[in-house]
Amino acid sequence: MFGYVRPYKPDLKMCEFDTYQSVYCGLCKQIGKDYGHPARLTLNYDFTFLSLLGMSLSQDKISHKQQICIANPIKKRVCAQGNKITEYCAATAMLIIYYKLKDNLADNGFFGKILMRLLNPFAALARNKARKTAPQTDIIISKSMELQKQVEKSKFEGIDAAAHPTSEAMGLICRQLADIVYQQQEEETHEAANVLYRFGYLLGRYVYFTDALDDLQKDRKTGNFNPFLKKIEQDNLLDFNSYANEVINLTVSQIAGAYELLNINNTKPILDNIIYLGLKNTVSSILAGDFFNTP
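Residues numbered from 1 in each chain as written. Predicted model: local features only at pLDDT ≥ 70, side-chain atom pairs only at ≥ 80, totals over all residues. Heavy atoms only, no water.

Describing the packing of helix α1 (residues 14-35) against helix α11 (residues 268-288)
Moving on, step 1. As a packed pair, α1 and α11 sit with axes 9 Å apart at the nearest point and diverge in direction by 85°. As judged from the angle between their axes, α1 and α11 are roughly perpendicular. In this structure, α1 contributes Glu16, Thr19 and Tyr20 to the contact, and α11 contributes Pro269, Ile270 and Ile274.
Moving on, step 2. Of the residues contributing to the contact of α1 with α11, the split by class is four nonpolar, one polar and one charged. (Axes fitted to C-alpha atoms, helices over the stretch in contact; angles between N-to-C directions. Helix = DSSP H or I, 4+ residues; strand = E, 2+ residues; numbered from the N terminus. Parallel < 35°, antiparallel > 145°, perpendicular 65-115°, else oblique. Contact = heavy atoms within 4.5 Å. Nonpolar A, V, L, I, M, F, W, Y, C, P; charged D, E, K, R; others polar.)

What follows is the structure, given as structure tokens:
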């Protein structure tokens, strides 16, 4: 379930990787605290990036604490301490998971539907808790999923139109970070909100296209909607990999442009790594057939 916005680990310094890992573990702790330990299994790189982005925009330094890891109770891990940003990101994660499960229920086969129905009550419970923390986000994601269904059922109008609902949702989710980070600083909030919306919109577009690329072979077999398959049929594309790579890399370049406008106060080398190296590496790995979507 996504997990495409990740660092390029070979180019991270050890201290940078430790900081990134602490944010990952801190968000894992927050999800477990707010939604129960099983919910931790839903954590992935995308939610970690959202948390890291919020903390990076804040002028407050990230505080760390050694805590016991549920995956390895013998060894303590350094975890970034929870705050309003991690609470928001944890809630957003639960809401996205709920609506993705709901959407997958319609797309999966017989056994897949059974699994989704078994998971749905737990996801629904987490969603009810999460929308108390992020009520606007619940509305944003719900509307996005409904619009996405309409777009996929209607006449195909191009990959941009297909990506818009997901892009819009991510833009609005990122925009809300400005309210959390800057609080009462109205001028800073307004300016940052506009940049964050643009950045989030492009990031959502990247995630949508990368997910479509990753699912291409599976969607060919199942007949599920895929914007790249539609584009192949529409334009009789022969060199599909080059086309997909060009589309996604153009989006990555636009993401980098929006990112340069953000006022980053913390962990800039880690964010630089993700934006300038990690995003492209994910696409290259998918095209090479050696991408594994694990946290």
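Focus: the pairing of strand β2 (residues 72-80)
Moving on, step 1. For strand β1 (residues 64-69) and β2, the ladder comprises six bridges, and the chain directions are antiparallel. The partner of glutamine 67 across the bridge, within β2, is arginine 77.
Moving on, step 2. As consecutive antiparallel partners, β1 and β2 are separated by two residues. (Pairing = 2+ DSSP bridges.)

Some remarks on the packing of aromatic side chains
Moving on, step 1. Under the defined criterion, the tally for this structure stands at 12 aromatic pairs.
Moving on, step 2. When the ring of tyrosine 98 is compared with that of tyrosine 99, the centres are 4.9 Å apart and the planes differ by 80°; the resulting orientation is edge-to-face.
Moving on, step 3. Judged by its relative accessible area of 11%, tyrosine 98 is buried.
Moving on, step 4. The interplanar angle of 75° and the centroid separation of 5.9 Å between the aromatic rings of tyrosine 259 and tyrosine 276 together place this pair among those described as edge-to-face. Residue tyrosine 259 is found in helix α10 (residues 240-259), and its partner tyrosine 276 is found in helix α11; the two are separated by 17 residues along the sequence.
Moving on, step 5. Judged by its relative accessible area of 2%, tyrosine 259 is buried.
Moving on, step 6. Given the relative accessible area of 32%, tyrosine 276 is considered partly exposed.
Moving on, step 7. Through successive ring pairs, a cluster of aromatic residues spans Tyr208, Phe209, Phe228, Phe240 and Tyr243. (Phe/Tyr/Trp six-rings, centres within 6.5 Å; stacked < 30°, edge-to-face > 60°. Buried < 20%, exposed > 50% of the residue type's maximum accessible area, 1.4 Å probe, protein only.)

Overview of helix α9 (residues 227-235)
Moving on, step 1. Those residues of α9 not exposed but buried are Pro227, Phe228, Leu229, Lys231 and Ile232.
Moving on, step 2. Where α9 begins, one side-chain oxygen reaches toward the backbone nitrogen of phenylalanine 228, 2.9 Å away; that side chain belongs to asparagine 226.
Moving on, step 3. Asparagine 236, located one to two residues past α9, shows a positive phi value of around 50°. (Polar contact = N/O pair within 3.5 Å; in protein donor to acceptor, adjacent residues only side chain to side chain.)

Let's talk about the environment of leucine 43
Moving on, step 1. Examined against the element boundaries, leucine 43 turns out to sit in the loop between α1 and α2 (45-57).
Moving on, step 2. For leucine 43, a relative accessible area of 2% gives the class buried.
Moving on, step 3. C-alpha separation for the pair leucine 43 and glycine 3, spaced 40 residues apart in sequence, amounts to 8.8 Å.

Observations regarding the pattern of salt bridges
Moving on, step 1. Evaluated as defined, the whole model comprises six salt bridges.
Moving on, step 2. Salt-bridge contacts for arginine 127 lead to aspartate 138; the nearest nitrogen and oxygen are separated by 3.1 Å. With arginine 127 in helix α4 (residues 110-133) and aspartate 138 in helix α5 (residues 135-153), the pair connects residues that are 11 residues apart, well separated along the chain. As far as burial versus exposure is concerned, arginine 127 and aspartate 138 are alike and both buried. (Salt bridge = Lys/Arg side-chain N within 4 Å of Asp/Glu carboxyl O.)

Overview of the packing of α2 against α11
Moving on, step 1. Two numbers describe how α2 lies on α11: the axes approach to 10 Å, and their chain directions differ by 135°. Classified by the interaxial angle, the pair formed by α2 and α11 is oblique. Where α2 crosses over α11, the two elements pack in a sense that is left-handed. In contact with Phe49, Leu52, Leu53 and Ser56 of α2, α11 contributes Ile270, Leu271, Ile274 and Ile275.
Moving on, step 2. Looking at the contact of α2 with α11 residue by residue, the classes come out as seven nonpolar, one polar and no charged. (Left-handed = near helix turned anticlockwise from the far one by under 90°.)

Focus on the confidence of the model for the protein
Low-confidence regions, as indicated by low pLDDT, have predicted coordinates that should not be scrutinised in detail.
Moving on, step 1. On average, residues of the protein score 88 in pLDDT, and 90% of them reach the 70 mark or higher.
Moving on, step 2. Mean pLDDT in the protein bottoms out at α4, which sits at 71, and peaks at α11, which reaches 96. (pLDDT = per-residue confidence, 0-100.)

Thoughts on the side chain of serine 22
Moving on, step 1. Relative to the helices and strands, serine 22 resides in helix α1.
Moving on, step 2. At a separation of 3.2 Å, a polar atom in the side chain of serine 22 contacts the side chain of histidine 64.

Here we look at the side chain of arginine 127
Moving on, step 1. By relative accessible area, arginine 127 is classed as buried at 15%.
Moving on, step 2. Apart from residues no more than four positions distant in its own chain, arginine 127 is found in contact with Leu95, Tyr98, Tyr99 and Asp138.

Quick notes on the environment of leucine 237
Moving on, step 1. Mapped onto the secondary structure, leucine 237 falls in the loop between α9 and α10.
Moving on, step 2. The exposure class of leucine 237 is partly exposed, given its relative accessible area of 25%.
Moving on, step 3. Separated by 196 residues in the primary sequence, leucine 237 and leucine 41 have C-alpha atoms spaced 39 Å apart.
Moving on, step 4. Setting aside chain neighbours within four positions, we find leucine 237 in contact with Lys231, Ile232 and Tyr243.

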